[in-house]
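# Residue-level structure breakdown
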Amino acid sequence: MADARFFHRAGPFLLSEIAAMIGAEPLSADDEQTSIEDIADLEAAGPGHISVFSDVRYLDALLPTQAGAILISRKLAHHAPATARLIYVADPRRAYAQVGRLFYPPQTLNAGIHDSARVHPSACIGRGTQVDPGAVIGRDVDIGERCHIGANVVIGDGVLIGDDCRIGANCSISHALLGHRVEIETCVTIGSQGFGFVPGPAGLERMLQLGRVIIEESVKIGANCAIDRGATQDTIIGAGSVLDNLVHIAHNVRLGRHCVICAQVGIAGSTVVGDGVMMGGQTGVADHLTIGRGAQIAAKSGVMRDVPAKAVMGGFPAMPIKDWHRQTVGLSRLSKKVE
Amino acid sequence: MADARFFHRAGPFLLSEIAAMIGAEPLSADDEQTSIEDIADLEAAGPGHISVFSDVRYLDALLPTQAGAILISRKLAHHAPATARLIYVADPRRAYAQVGRLFYPPQTLNAGIHDSARVHPSACIGRGTQVDPGAVIGRDVDIGERCHIGANVVIGDGVLIGDDCRIGANCSISHALLGHRVEIETCVTIGSQGFGFVPGPAGLERMLQLGRVIIEESVKIGANCAIDRGATQDTIIGAGSVLDNLVHIAHNVRLGRHCVICAQVGIAGSTVVGDGVMMGGQTGVADHLTIGRGAQIAAKSGVMRDVPAKAVMGGFPAMPIKDWHRQTVGLSRLSKKVE
Amino acid sequence: MADARFFHRAGPFLLSEIAAMIGAEPLSADDEQTSIEDIADLEAAGPGHISVFSDVRYLDALLPTQAGAILISRKLAHHAPATARLIYVADPRRAYAQVGRLFYPPQTLNAGIHDSARVHPSACIGRGTQVDPGAVIGRDVDIGERCHIGANVVIGDGVLIGDDCRIGANCSISHALLGHRVEIETCVTIGSQGFGFVPGPAGLERMLQLGRVIIEESVKIGANCAIDRGATQDTIIGAGSVLDNLVHIAHNVRLGRHCVICAQVGIAGSTVVGDGVMMGGQTGVADHLTIGRGAQIAAKSGVMRDVPAKAVMGGFPAMPIKDWHRQTVGLSRLSKKVE
């Protein structure tokens, strides 16, 4: 289904192979021998495709589907037409993502350093790593194995990058240590100077920004983000956290593990965010705050105070989301009285 | 008037030539032979300049102006001093833009591929296209005629670009099909992976992002924007739409034709925006919404529900703008009572 | 204390040298001969380190500190343990920044133009300036002395850059005049076309953008910012102003001197901002407004009207901050009544 200009499909695969990979319930002998060519949405799927049903909102697509096989949970199976070939899994969405990676594996790396890349002689580039045209790699940089360094990326002196990392084109990375399996989209800044000044006789003087950016393993960072290095301590992005596009992370911020930070969020200096925190798009968090683990902040919130663990917040200034909903209702009544 | 370091002026032109090009009302024989050297604001204009008057707010500048000719509508003409040489047009602002392009035509392209650009042998570069230093163009890329590919731009495998496109320096474009006359400013990301994850045993696993970005003809995209490719469907930017700087467009968003999207707007995944929609700066739109054609969303709104066609909305959560203005008034009274 | 992978320490220095540089009160003869190796936070400091105490919030760190010397004001000195070696200065934070620059001086430039940089023969590069790999410098560009042009930076024709400027990697700069000592982080756009259109028969037509960007001396610009060039006038960033990451400055904006603009702020077209204005993160300012000198706008404000000099504003729409705080309280009561 994916455009062959951009995505290279593997397969076909037997349903038995697919089922084994995703830990599905056993298939009938007949189903096992069914050949599957591709993945597809329920609407688009034909007899050679495997699809997924995981949400009753998409019931309209389920009934008429021509899909050759459908990933589904036992719980939702009764919605399916009797003729459908159902593959039972505990988590159909996750199984679908896994099957997708089977059909569309990550692009094979073309190991080696392009002639036009400029790699300092003291830099160490791991086995199997691909360095694209125009990349510039500084002194004492250490890049792990099987990484992909995109075209025109600039990596400053001393940066350390783990194995299996992917750095998108036109990124600039300095003063940073990256763990394994970090993925960074394009036009991203990592390690810029933080925003700290002190008044002097001739205007603002910059405070030293002597910290680093520590990006732990399996972090994913969206396009055009900017993450400043620490001032005195380090800026830390915890393992497994994911950042969407155009996110700003200020100096000394410590983001926990497995956080989900949506697009255009800004987190001001020295704020500490616990594990598993979720922030909706365009949220702003003031400096020097503590956001407790597992807290959820609705989109476009303005967080001006500490947030307790597991709290669900919204609004500006951010408050418990129930209060915010109440305010919204109250305001709506108020505006009617004004008439 | 423009700085010759940056802008190359054509001309001079006779008023007759100018009037013909913009469809002005007939001139007197004397006016026809008047030579015009440049465009200029009313304040700055001298006898060799053509200027424009289109808004009574600028009346103070009209009366003392030295401009050699003034583009004006019949409706506003009575404001002008009797001595002024008036050129009557239906839409003075548009006529002024046209005259501006006459004096300051787009820079002539220097067709060819710079030695330091890295173009894959399978890529096809159209006649008259200029590829600047350090640009990197991937396998099977197809670029039309008379395009300008800026320095250090990175274009991924399989990307298709129409005729007369302009891609600014340091952009990264992948998984995308661009129509004719698309203009993209600098440091822009097109085609990055969308923000879709599913929980797995070891943390968040990325959903496949197997769609494309379709940018239809005559779209203009501002600096440092980020537009993700689709997940299962495509991300689409409709013909003639214009995006300002630092805009975020998530995966699967479908933006209509002739939309105006101001700076720092964010549109979340799978939202469908109708033709002719306008969004003020810093507006956020939640995912999976439908914004009806011709809707206008005031700056900094937070849109959390579907918006009907032609609605005028504002506030956070976004509501009909009259309601929002009422709330603003009501709140202002409320705060006085609190004292 | 700083990671030697990234930061190169000078010294050690005698306390007498340090005290002389920062204008401290006279030391005892014994103190004068004390050798200091590094700077450090109170918590991390040992006997060879100099630290700072400037805020009673950090009292807990002061009492047990092992720091060999502490920068402190006379006013706060009574908090310090009797055994501490105190260095009296009028402004301890500023003194600490100065001492920091002594131990961590700016990296020495490696003057010259890298082989892979593409410098137009007509460009003029000042003495002592370092041009990194892949940088592209256009026709008639004039760069001053002791500048650092980062890797893969693209500088358009005619741009003028003063002395002692630093342009981070992957920036794109065009249609701009930069004063001395300007510092720009990475992935920044300067000089893009502004967002001005006029309706035509076939859709939106771009208004000419014939102005420039004037960046006065000592301005500092954060990562991934976008600053459009003027349309008819110039876009101006006043001397000594500092911009954080991901800031949007539209065409014709005139920002005063010594302004502090936090991350993700957006200032719309033709707005004039006075000297010394501060804007908190994610603030939006509408077009054609005047923000008086010394005004302070709280984070996430939406400014829709002119702001008087020295006003302190907050909220959306922005209002005097006292009113906004009152509203917040009133709203909170309101939401309780709704229950």
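Keep in mind that this is a model prediction, so the values were computed, not measured.

### Thoughts on the overall build of chain A
- Along chain A, the regular secondary structure elements total 5 helices and 39 strands.
- In chain A, buried positions account for 59% of the 339 residues.
- Total accessible area on chain A stands at roughly 13400 Å², and carbon and sulfur atoms take up 53% of it.
- If the 30 positive side-chain charges of chain A are averaged to one point and the 34 negative ones to another, these points end up 8 Å apart.

### Concerning the pattern of salt bridges
All names here are of chain B.
- Per the stated rule, a full pass over the model turns up 57 salt bridges over all chains.
- A salt bridge links E185 to R166, with the shortest nitrogen-to-oxygen separation between them at 3.1 Å. Taken together, the positions of E185 in the loop between β19 (183-184) and β20 (189-192) and R166 in strand β16 (residues 166-167) put the pair 19 residues apart, joining distant regions of the chain.
- With a relative accessible area of 6%, E185 lands in the buried category.

### Side note on the side chain of S73 of chain A
- Within the fold, S73 of chain A resides in the loop between β5 (69-72) and β6 (86-88).
- If sequence neighbours within four positions are ignored, S73 of chain A has contacts with Y88, V89, A90 and P92 of chain A.

### Details of the packing of helix α1 (residues 15-22) of chain B against helix α4 (residues 92-103) of chain B
All names here are of chain B.
- The interhelical angle for the contact between α1 and α4, taken along N-to-C directions, is 125 degrees, at an axis separation of 10 Å. Taken as axis vectors, α1 and α4 run oblique relative to one another. Pair α1 / α4 crosses with right-handed handedness. Where α1 abuts α4, its residues I18, M21 and I22 lie against A95, Q98, V99, L102 and F103.
- Grouping the constituent residues of the contact of α1 with α4 by class yields 7 nonpolar, 1 polar and no charged.

### Let's talk about the pairing of β5 of chain A
Residue and element names in this part refer to chain A.
- Burial of the side chains of β5 extends over both faces: A69 and L71 are buried on one face and I70 and I72 on the other.
- With 3 bridges joining them, strand β4 (residues 49-52) and β5 adopt parallel strand pairing. Residue V52 lies in a different strand from β5, and its bridge partner there is L71.
- Both β5 and β6 contribute to a ladder of 3 bridges, which runs parallel. Looking at the pairing, I72 lines up with Y88 of β6.

### What to know about the interface of chain B and chain C
- Taken together, the contact between chain B and chain C spans 57 residues of the former and 69 residues of the latter.
- Of the roughly 4700 Å² buried where chain B meets chain C, counting both sides, 60% is carbon and sulfur surface.
- Broken down residue by residue, the surface that chain B buries against chain C is led by R5, F6 and K300 of chain B, which jointly contribute 13%.
- On the surface where chain B and chain C come into contact, there are 5 salt bridges.
- Here E205 of chain C ties to R94 of chain B by a salt bridge, and the two come within 3.0 Å at their closest N and O atoms.
- The interface formed by chain B and chain C holds 26 residue pairs in polar contact (both at pLDDT 80 or more) in total.

### Some details on the domain arrangement of chain A
- With domains assigned, chain A is organised as domain 1 (13-103) and domain 2 (171-323).
- A straight line from the C-alpha centre of domain 1 of chain A to that of domain 2 of chain A covers 39 Å.

### Notes on the confidence of the model for chain A
- When pLDDT is averaged along chain A, the result is 95; 99% of the residues meet or exceed 70.
- Across the predicted assembly, pTM comes out at 0.97 and ipTM at 0.96.

### Observations concerning the sheet that holds strand β15 (residues 160-161) of chain A
Residue and element names in this part refer to chain A.
- In space, the 9 strands of this open sheet follow the order β9-β12-β15-β18-β23-β26-β29-β32-β35, with parallel pairing throughout. Two strands in the sheet have a free side with no partner beyond their single neighbour: β9 (124-125) and β35 (290-291).
- Inspection of the sheet shows strand β32 (residues 272-273) paired to β35 by 2 bridges, in the parallel sense. Paired with V273 across the strands is I291, a residue of β35.

### Re helix α4 (residues 92-103) of chain A
Residues and elements named next belong to chain A.
- Its 12 residues give α4 an end-to-end C-alpha distance of 16 Å, which sits within 8% of 16 Å, the value for a rise of 1.5 Å per residue.
- For α4, the buried fraction is high: 9 of the 12 residues fall into the buried class.
- Three or more residues of α4 are buried, namely P92, R94, A95, Y96, A97, Q98, V99, G100 and F103.

### Notes on empty space enclosed by the protein
- A complete count under the given rule lists 4 cavities of 30 Å³ or more for this structure.
- By volume, the largest cavity amounts to about 180 Å³.
- S116 and G134 of chain A, G134 of chain B together with S116 and G134 of chain C are the residues nearest the centre of the largest cavity, which is lined by 20 residues in total.
- Taken together, the residues of the lining of the largest cavity break down into 8 nonpolar, 9 polar and 3 charged.
- Of the volumes computed, that of the second largest cavity is approximately 70 Å³.
- Along its surface, the second largest cavity is lined by 14 residues, and I221, G222 and L243 of chain A together with F195 and R206 of chain B are the ones closest to its centre.
- Mapped by element, the contributors of at least two residues to the lining of the second largest cavity are β24 (220-221) and β27 (242-243) of chain A.

### Quick notes on the state of the cysteines
- One pass over the full model with this rule turns up 0 disulfides over all chains.
- C225 of chain B supplies the cysteine sulfur nearest to C262 of chain B, a cysteine that is in no disulfide, at a spacing of 11 Å.
- The thiol sulfur of C165 of chain C is not disulfide-bonded, and the nearest other cysteine sulfur, from C147 of chain C, lies at 4.6 Å.

Reading the values: the criteria
Residues numbered from 1 in each chain as written. Chains lettered and ligands numbered in written order. Predicted model: local features only at pLDDT ≥ 70, side-chain atom pairs only at ≥ 80, totals over all residues. Heavy atoms only, no water. Helix = DSSP H or I, 4+ residues; strand = E, 2+ residues; numbered from the N terminus. Buried < 20%, exposed > 50% of the residue type's maximum accessible area, 1.4 Å probe, protein only. Areas by Shrake-Rupley, 256 points an atom, 1.4 Å probe, with all protein chains shown as cover. Lys, Arg positive; Asp, Glu negative; His and termini not counted. Charge placed at Lys NZ, Arg CZ, Asp CG, Glu CD. Salt bridge = Lys/Arg side-chain N within 4 Å of Asp/Glu carboxyl O. Contact = heavy atoms within 4.5 Å. Axes fitted to C-alpha atoms, helices over the stretch in contact; angles between N-to-C directions. Parallel < 35°, antiparallel > 145°, perpendicular 65-115°, else oblique. Left-handed = near helix turned anticlockwise from the far one by under 90°. Nonpolar A, V, L, I, M, F, W, Y, C, P; charged D, E, K, R; others polar. Pairing = 2+ DSSP bridges. Buried area = accessible area lost by both parts, 1.4 Å probe. Polar contact = N/O pair within 3.5 Å; in protein donor to acceptor, adjacent residues only side chain to side chain. Domains from an automatic or database assignment. pLDDT = per-residue confidence, 0-100. Expected span 1.5 Å × (residues − 1). 1 Å grid on protein atoms, 1.4 Å probe; cavity = no way out; pocket = protein on both sides within 12 Å on 5 of 7 lines; lining within 4 Å. Points joined across faces, edges and corners; volume = space filled by probe spheres on them. Disulfide = S-S within 2.5 Å.

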